[in-house]
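Structural characterization, general
Letter by letter, the chains look like this.
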Amino acid sequence: MEFNKDMYIEVLQSQVNSFLDEKLKLITMYEAEKRKRLELEEIIENNKKIEQEA
């Protein structure tokens with residue numbers, strides 16, 4: 001079987017795209033978790049202020 005450069009490039013491009021898609025999902029999940037953590041920290045801080053005022 002002879003080496004088909006175009007097919008090889010297509011396969012590599014597909015693998016790279018899959019890799020990048022997976023990384024994008026992970027980054028998106030990380031950013032969402034970071035936002036949730038910041039929101040929870042804000043809620044905790046607000047609760048502490050309310051308790052101190054009471």
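Quick note: structure is the one above.
Below or above, wherever it landed, is the structure these notes cover. These figures come from a predicted structure and were not determined experimentally.

**Brief notes about the overall build of the protein chain**
- When you go through the protein chain residue by residue, the secondary structure sums to 1 helix and 0 strands.
- Over its C-alpha trace the protein chain gives a radius of gyration of 24 Å, far above what one expects of a compact globule, namely 10 Å for 54 residues.
- When the 54 residues of the protein chain are sorted by exposure, 0% land in the buried category.
- Split by element, the accessible area of the protein chain, about 5,600 Å² in all, is 58% carbon and sulfur.

**A short note on helix H1 (residues 5-53)**
- End to end, H1 covers 72 Å across 49 residues, agreeing with the expected 72 Å (1.5 Å per residue, within 8%).
- Capping of H1 at its N-terminal end is provided by Asn4; its side-chain oxygen lies 3.2 Å from the backbone amide nitrogen of Asp6.

**Points about the packing of aromatic side chains**
- For the structure shown, the criterion picks out 1 aromatic pair.
- Judged by centre distance (5.5 Å) and plane angle (50°), the ring pair of Phe3 and Tyr8 falls under tilted.
- What makes Tyr8 partly exposed here is its relative accessible area of 45%.

**Looking at the pattern of salt bridges**
- In total, this model carries 4 salt bridges according to the counting rule given.
- When the shortest N-O distance is used, the salt bridge between Glu31 and Lys34 registers 3.7 Å. Taken together, the residues span about one helical turn, with Glu31 and Lys34 both in helix H1 at a distance of 3 residues.
- Owing to a relative accessible area of 32%, Glu31 belongs among the partly exposed residues under this scheme.
- As a salt-bridge pair, Glu33 and Lys36 come within 3.2 Å of each other at their nearest N and O atoms.

Calculation notes
- Residues numbered from 1 in each chain as written.
- Predicted model: local features only at pLDDT ≥ 70, side-chain atom pairs only at ≥ 80, totals over all residues.
- Heavy atoms only, no water.
- Helix = DSSP H or I, 4+ residues; strand = E, 2+ residues; numbered from the N terminus.
- Rg over C-alpha atoms; globule rule 2.2 N^0.38 Å.
- Buried < 20%, exposed > 50% of the residue type's maximum accessible area, 1.4 Å probe, protein only.
- Areas by Shrake-Rupley, 256 points an atom, 1.4 Å probe, with all protein chains shown as cover.
- Expected span 1.5 Å × (residues − 1).
- Polar contact = N/O pair within 3.5 Å; in protein donor to acceptor, adjacent residues only side chain to side chain.
- Phe/Tyr/Trp six-rings, centres within 6.5 Å; stacked < 30°, edge-to-face > 60°.
- Salt bridge = Lys/Arg side-chain N within 4 Å of Asp/Glu carboxyl O.

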